[in-house]
Amino acid sequence: MNNLQRLQLETKGINLDQSELTVYLQENDLQPFEEYNPQSATSKRNIYRSALGALESIANNPSVMKSVKLDDMTVSDFHENLLSRIDQMERKIRQLKTDEQIATESNFFMLYSD
């Protein structure tokens, strides 16, 4: 699976052009057709940051809000749910560590010092 496919998994249900998703990936230091590394904390964080960028662009586009029509959901419900998802993504991104942070993390601390 490449980075573009992983981003499409994260933004499932949102129809964006492949070129737009490529821009979001490149803005977050990922190449779209490189292999996705699930063991890399930095790669995972950058995928979430790319998905957040896509969600924010949808939330800032009023013409998209006008065209959303689902069976039991109004446009205002869609917008509230979208903003809620953006808040969840921001919180998740803040909690994720990068590979560098994990490497320099220590399991002990100095209780006494000279």
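Residues numbered from 1 in each chain as written. Predicted model: local features only at pLDDT ≥ 70, side-chain atom pairs only at ≥ 80, totals over all residues. Heavy atoms only, no water.

A closer look at unusual backbone geometry
Of note, Asp29 is a non-glycine position whose phi angle comes to about 60 degrees, a positive value. Along the polypeptide, Asp29 turns up in the loop between α2 (18–27) and α3 (41–59). With a relative accessible area of 68%, Asp29 lands in the exposed category. (Helix = DSSP H or I, 4+ residues; strand = E, 2+ residues; numbered from the N terminus. Buried < 20%, exposed > 50% of the residue type's maximum accessible area, 1.4 Å probe, protein only.)

Regarding the packing of helix α1 (residues 3–10) against α3
Two elements in contact, α1 and α3, have axes whose closest approach is 9 Å; the angle formed by their N-to-C orientations is 55 degrees. Taken together, α1 and α3 sit at an angle that is classed as oblique. Taken as a pair, α1 and α3 cross one another with a handedness that is right-handed. Contact residues: α1 offers Asn3, Arg6, Leu7 and Glu10, while α3 offers Ser43, Ile47, Tyr48, Ser50 and Ala51. (Axes fitted to C-alpha atoms, helices over the stretch in contact; angles between N-to-C directions. Parallel < 35°, antiparallel > 145°, perpendicular 65-115°, else oblique. Left-handed = near helix turned anticlockwise from the far one by under 90°. Contact = heavy atoms within 4.5 Å.)

Things to note about the pattern of salt bridges
Under the criterion given, the structure shown has two salt bridges. For the salt bridge of Glu10 with Arg6, the shortest nitrogen-to-oxygen distance reads 3.0 Å. Of this pair, Glu10 and Arg6 both sit in helix α1, four residues apart, which is roughly one turn of that helix. Relative accessible area serves as the criterion here: at 13%, Arg6 is assigned to the buried category. The salt bridge involving Glu10 is made with Arg85; its shortest N-O contact spans 3.2 Å. Here Glu10, found in helix α1, pairs with Arg85, found in helix α5 (residues 75–95); they are 75 residues apart in sequence, far enough to count as distant. One salt-bridge network, held together by shared partners, links Arg6, Glu10 and Arg85. (Salt bridge = Lys/Arg side-chain N within 4 Å of Asp/Glu carboxyl O.)

A closer look at the environment of Asn2
The residue Asn2 is located in the segment before α1 in this model. Among the residues examined, Asn2 registers a relative accessible area of 14% and is labelled buried. With 34 residues separating them along the chain, Asn2 and Tyr36 place their C-alpha atoms 4.8 Å apart. Apart from the residues within four sequence positions on either side, Asn2 is in contact with Pro32, Phe33, Glu34, Glu35 and Tyr36. A polar side-chain atom of Asn2 sits 3.2 Å from the main-chain amide nitrogen of Leu4. (Polar contact = N/O pair within 3.5 Å; in protein donor to acceptor, adjacent residues only side chain to side chain.)

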